[in-house]
Amino acid sequence: MPFPTDFLWGAALAANQCEGAWNEGGKGPSVADHLTAGSRTQPRRFVEDLDLDDYFPSHTGVDFYHRFEEDIALFGQIGLKCLRLSIAWSRIFPNGDDAQPNEEGLAFYDRVFTLCRENNITPLVTLSHFEMPYHLVTAYNGFADRRVIDLFVRYAETCFTRYRGLVTHWLTFNEINFGTLSAGRLIGLGLRSAAQADYFFGTGDETEQYQALHHVFLASAKAVIAGHRIDSANQIGCMIANGLSYPLTPQPEDVLATQQRTDWFNHFCGDVHVRGAYPSFAKAKLAKMGVTLDLASEDEATLLAGKVDFYSFSYYSSSCLAAEAGETSEANLLAGQKNPYLETSAWGWQIDPIGLRVTLNRLYQRYQVPLLVVENGLGAVDELKNGVVDDLYRIDYLRVHIKAMHDAIVEDGVDLMGYTMWTALDLISAGTGEMAKRYGLIYVDRDDSGHGSLARTPKASAAWYSDVIATNGASA
Ligand code: BG6
């Protein structure tokens with residue numbers, strides 16, 4: 001399988017899902033630290049008062065904060081060429097608006113990135129992965145307040161400056177569309193109203209929501225501009241949750257509904273990041289909603305100057321769409337109607353490797369910038385038996401998605417930089433807060449109540465992926 005020789009074979013993590021140590025080393029609480037555990041049927045809850053007896057899985061995560069040396073050594077043994085991970089914003093600026101960054105937090109990531117380099121692993125760093133300092137929610141109403149743009153940019157500049165030479169691959173906002181358009185008004189925008197409602201699907205004032213999103217776009221663009229200024233070697237990308245939808249039937253109404261949802265959910269944020277301007281359909285839809293944005297005179301120029309260098313995305317599943325509601329599939333907010341041709345995961349996510357090839361083609365044809373798949377994997381119940389996790393189902397999942405990437409590169413001419421599967425090691429599920437929903441190459445002994453030794457055991461998929469990397473995809 002001829003993948004490009006410099007293809008970034010890797011795996012991914014996110015700070016709030018793996019680090020733990022939520023109040024150690026000077027770290028302040030983030031929005032993620034206020035979320036309880038949930039399950040497939042029981043949504044996570046937002047809790048304001050952290051003294052309650054609830055269990056908050058991010059507080060301990062899988063203890064990456066204390067075990068990163070062991071973990072990165074294991075990643076090195078697997079042969080990962082790239083590790084995608086995020087910096088917890090509130091480890092660097094505990095309140096988000098502190099006068100000075102927290103040296104202990106900065107030093108922690110010095111050690112993490114240095115160790116990656118020593119293991120020949122390229123760090124790919126997400127600046128914001130659903131981890132806004134909670135103080136910015138209570139004191140500013142998150143990104144609804146224009147001042148938070150500069151607070152984010154100061155944080156980004158601090159990271160670009162401190163890790164100059166160690167990190168050259170960056171992402172600004174994880175799944176910006178997921179975290180802002182519908183489900184994530186707390187995790188993506190930090191809106192107070194979202195904290196008070198059901199954090200996941202709570203609705204609120206649309207003008208506030210899209211004004212906050214506008215500020216996130218500006219924060220990303222300004223970070224890109226700063227990152228290029230601080231180190232011309234920096235490559236900075238966006239990160240979009242890909243929600244691939246097929247029309248349920250050839251009925252034109254279904255086709256139109258699918259196109260409209262794709263434009264809104266997938267292309268709106270991507271277009272602003274890659275093309276540096278709001279697409280016409282978004283302007284029209286906002287106007288139809290009665291949303292008038294408060295725009296500063298320089299905003300247009302900022303968005304244009306802050307275009308990203310590459311486009312990264314997560315891809316897990318696809319669904320069908322019809323103009324009329326029908327039986328739905330799951331998969332966070334990417335849910336649509338069931339596709340009779342696809343199998344589902346134990347959490348109801350439809351598995352569609354060909355959809356990844358379709359997505360890669362559509363994105364490359366639309367944007368003509370290098371692409372990077374930064375999340376793709378199978379959430380499954382794994383069992384450790386006699387010291388072994390035989391996760392053949394995960395190998396099957398990864399194999400067919402790798403084949404889809406191969407075909408997109410070789411047969412369709414797509415420029416794909418790399419693949420960081422989700423995840424390098426088991427961690428807390430973002431959607432459900434469970435440990436039971438495991439994605440990792442490495443098993444972590446931890447259960448849904450926070451019990452377990454936290455011991456690490458590489459799974460069968462780790463050995464398999466190690467061969468895939470060593471053969472540059474040929475053995476997949
Ligand atoms: C993406 C997020 O939405 O999907 C990750 O960027 C998340 O943080 C991943 O973990 C898988 O979703 P879940 O809900 O199964 O953890």
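Look up: the structure comes first, before these words.
Residues numbered from 1 in each chain as written. Predicted model: local features only at pLDDT ≥ 70, side-chain atom pairs only at ≥ 80, totals over all residues. Heavy atoms only, no water.

J.: Please provide a residue-by-residue account of the overall build of the protein, values included.
T.: When you go through the protein residue by residue, the secondary structure sums to 15 helices and twelve strands. Computed over the C-alpha atoms, the radius of gyration of the protein is 21 Å, within 12% of the 23 Å expected from 2.2 N^0.38 for a compact globule of 476 residues. Taken along its principal axes, the extent of the C-alpha atoms in the protein is 60 × 55 × 45 Å. Summarising the internal contacts of the protein: among those between residues at least 6 apart in sequence, 74% fall at separations of at least 24. (Helix = DSSP H or I, 4+ residues; strand = E, 2+ residues; numbered from the N terminus. Rg over C-alpha atoms; globule rule 2.2 N^0.38 Å. Contact = heavy atoms within 4.5 Å.)

J.: Got a sec to walk through the packing of aromatic side chains? Specific residues and values, please.
T.: If you walk through the whole model with that rule in mind, you get 29 aromatic pairs. Relative to Phe-108, the ring of Phe-68 has its centre 5.3 Å away and its plane inclined at 90 degrees; by these criteria the two rings are edge-to-face. Of the two residues, Phe-68 sits in helix H2 (residues 64–78) while Phe-108 sits in helix H4 (residues 103–118), which places them 40 residues apart along the sequence. Judged by its relative accessible area of 5%, Phe-68 is buried. Through pairs of rings, three or more aromatic residues link up here, namely Phe-64, Tyr-65, Phe-68, Phe-108, Tyr-109, Phe-113 and Tyr-163. Over the ring of Phe-108 we find Arg-91; its NZ or CZ atom is 5.6 Å from the centre of that ring. The cationic tip of Lys-285 hangs over the ring face of Trp-264; the distance from NZ or CZ to the ring centre is 4.4 Å. (Phe/Tyr/Trp six-rings, centres within 6.5 Å; stacked < 30°, edge-to-face > 60°. Buried < 20%, exposed > 50% of the residue type's maximum accessible area, 1.4 Å probe, protein only. Lys NZ or Arg CZ within 6 Å of the ring centre and 35° of its normal.)

J.: Break down the sheet that holds strand E3 (residues 122–128) for me, with residues and values.
T.: With respect to topology, eight strands assemble into a closed barrel ordered E1-E2-E3-E4-E5-E7-E9-E10, the strand pairing being parallel. Adjacent strand axes in the sheet meet at a mean angle of 25 degrees when their direction is disregarded. Against the sheet, helix H10 (residues 252–275) contacts strand E4 (169–173), strand E5 (235–241) and strand E7 (310–314), and its axis sits at roughly 165 degrees relative to E5. Relative to the sheet, helix H13 (residues 353–367) contacts E7, strand E9 (371–375) and strand E10 (416–422), its axis offset from that of E7 by approximately 155 degrees. (Pairing = 2+ DSSP bridges. Axes fitted to C-alpha atoms, helices over the stretch in contact; angles between N-to-C directions.)

J.: Account for the side chain of Thr-36, naming residues and giving values.
T.: Residue placement: Thr-36 occurs in the loop between helix H1 (15–18) and H2. Look at Thr-36 and you get buried, because its relative accessible area is 3%.

J.: How would you explain the environment of Gln-368 if you had to name every residue and give the values?
T.: Tracing the backbone shows Gln-368 in the loop between H13 and E9. Counting along the chain gives 91 residues from Gln-368 to Lys-459, while the straight-line C-alpha distance between them is 37 Å.

J.: Tell me what's going on with empty space enclosed by the protein, and back it up with residues and numbers.
T.: The method is simple in principle: a probe with the dimensions of a water molecule rolls over the atoms, and the space it marks as empty is what remains. Within this structure, the stated rule accounts for six cavities of 30 Å³ or more. Space inside the second largest cavity adds up to approximately 90 Å³. If you trace the second largest cavity, you find 14 residues lining it, with Ser-128, Phe-173, Asn-174, Ile-187 and Gly-188 closest to the centre. When the residues that make up the lining of the second largest cavity are grouped by side-chain class, the tally is eight nonpolar, five polar and one charged. (1 Å grid on protein atoms, 1.4 Å probe; cavity = no way out; pocket = protein on both sides within 12 Å on 5 of 7 lines; lining within 4 Å. Points joined across faces, edges and corners; volume = space filled by probe spheres on them. Nonpolar A, V, L, I, M, F, W, Y, C, P; charged D, E, K, R; others polar.)

J.: Help me get a handle on the pattern of salt bridges, residues and values and all.
T.: Across all of its chains, the model carries 25 salt bridges by this definition. Its salt-bridge partner being Glu-19, residue Arg-91 comes within 2.8 Å of it at the nearest N-O pair. Of this pair, Arg-91 sits in helix H3 (residues 89–92) while Glu-19 sits in the loop between H1 and H2, placing them 72 residues apart in sequence. Glu-19 sits in the buried class, given a relative accessible area of 2%. For the salt bridge of Arg-162 with Glu-103, the shortest nitrogen-to-oxygen distance reads 2.9 Å. (Salt bridge = Lys/Arg side-chain N within 4 Å of Asp/Glu carboxyl O.)

J.: Can you lay out the packing of helix H14 (residues 392–410) against helix H15 (residues 460–470) for me, pointing to particular residues and giving the numbers?
T.: Put simply, H14 and H15 touch, their axes get as near as 9 Å, and they point 25 degrees apart. Between H14 and H15, the angle falls in the class roughly parallel. In this structure, H14 meets H15 at a crossing whose hand is right-handed. Counting all contacts with H14, which are made through Arg-394, Ile-395, Leu-398, Arg-399 and Ile-402, the residues of H15 involved are Ala-460, Ser-461, Trp-464, Tyr-465 and Val-468. (Parallel < 35°, antiparallel > 145°, perpendicular 65-115°, else oblique. Left-handed = near helix turned anticlockwise from the far one by under 90°.)

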